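# Coordinate inspection notes
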Amino acid sequence: MTLKILHRPPPVSDTEWPVPRWAMRLAYALPLILLPSCLWRLPFALHFEMGQVHEIGMPAYWVSIPYVLGLSVLTEVIALLTIGLVRGWGEVVPAWIPVIGGRRVRPMAAVVPAVLGGLILTFLFTAVPLGGDRSLTLYGVTDTIGYTNGAWNALATVCVTPVAAWGPITIALGIGYYRRRTARSSNTAVCQGTSPTADPPGAQRPTRAGAMPRS
């Protein structure tokens with residue numbers, strides 16, 4: 001069995017309603033955007049500090065190795081699951097999943113975690129450098145970590161800075177998913193003449209002036 005989340009974006013979406021091209025590209029690009037930071041983080045598991053200057057020592061190997069590896073793997077897994085916001089398996093649970101396989105996913109069951117998670121990620125990773133080893137974040141001014149030289153600092157900036165796009169991309173994909181999934185009910189209502197501006201069933205329109213009612 002091959003996982004359908006590991007191939008290139010399909011030329012034609014398998015969703016009920018077509019997915020915008022921008023959403024498809026963002027969803028498939030997100031794991032690649034986060035990959036540099038995941039790889040940059042891995043040496044810390046073996047106490048290699050990547051040029052950072054720490055005032056406190058590193059934790060024991062039995063703590064650092066599972067923590068760093070688990071954090072990197074979890075990051076990529078969440079990014080891959082985000083692809084479900086633009087694919088059919090994000091609207092109907094795959095049949096091979098026990099108990100719930102084949103059931104339709106309620107829109108809010110996917111939208112709420114996506115938007116809420118995106119807001120949390122935006123809160124955590126949004127920072128504006130202020131100079132003097134300080135950055136402005138959504139939760140106040142914080143001290144930035146120093147590096148032994150500019151090369152290490154540049155490498156960290158290139159690898160870690162794209163993580164700031166994680167939250168906004170997730171929010172945008174969640175909103176797009178909601179609009180696409182809820183478009184069915186409104187479009188169906190218009191096609192069936194049950195839109196808010198249509199006459200209710202059984203309603204009689206007033207006769208025009210001068211028109212004789214039929215017997």
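A brief report on the enclosed structure follows. Computed from a prediction, not measured in an experiment: that's the story for all the values here.

## Structural notes on the packing of helix α1 (residues 21–41) against helix α4 (residues 150–160)
- Relative to each other, α1 and α4 sit at 135 degrees, their axes nearing to 7 Å. By the criterion of interaxial angle, the relationship of α1 to α4 is oblique. Here P36, S37 and W40 of α1 lie close against α4, whose contacting residues are L155, A156, C159 and V160.
- Tallied by class, the residues present in the contact of α1 with α4 amount to six nonpolar, one polar and no charged.

## Considering the environment of T170
- Structurally, T170 is set in helix α5 (residues 166–191).
- C-alpha separation for the pair T170 and V111, spaced 59 residues apart in sequence, amounts to 9.8 Å.
- With sequence-adjacent residues up to four places away left out, T170 is seen in contact with L30, A114, G118 and L121.

## Let's talk about the sheet that holds strand β4 (residues 140–143)
- Judged by pairing direction, the sheet is antiparallel, and its three strands sit side by side in the order β2-β3-β4 without closing on themselves. Because the sheet does not close on itself, it has two edges, and the strands there are β2 (127–129) and β4. Taking each pair of neighbouring strands and ignoring which way they run, the sheet shows an average axis angle of 35 degrees.
- Strand direction decides the pairing type here: β2 and strand β3 (residues 134–137), joined by three bridges, are antiparallel. Within the sheet, the bridge partner assigned to P129 lies in β3 and is S135.

Definitions and cut-offs
- Residues numbered from 1 in each chain as written.
- Predicted model: local features only at pLDDT ≥ 70, side-chain atom pairs only at ≥ 80, totals over all residues.
- Heavy atoms only, no water.
- Axes fitted to C-alpha atoms, helices over the stretch in contact; angles between N-to-C directions.
- Helix = DSSP H or I, 4+ residues; strand = E, 2+ residues; numbered from the N terminus.
- Parallel < 35°, antiparallel > 145°, perpendicular 65-115°, else oblique.
- Contact = heavy atoms within 4.5 Å.
- Nonpolar A, V, L, I, M, F, W, Y, C, P; charged D, E, K, R; others polar.
- Pairing = 2+ DSSP bridges.

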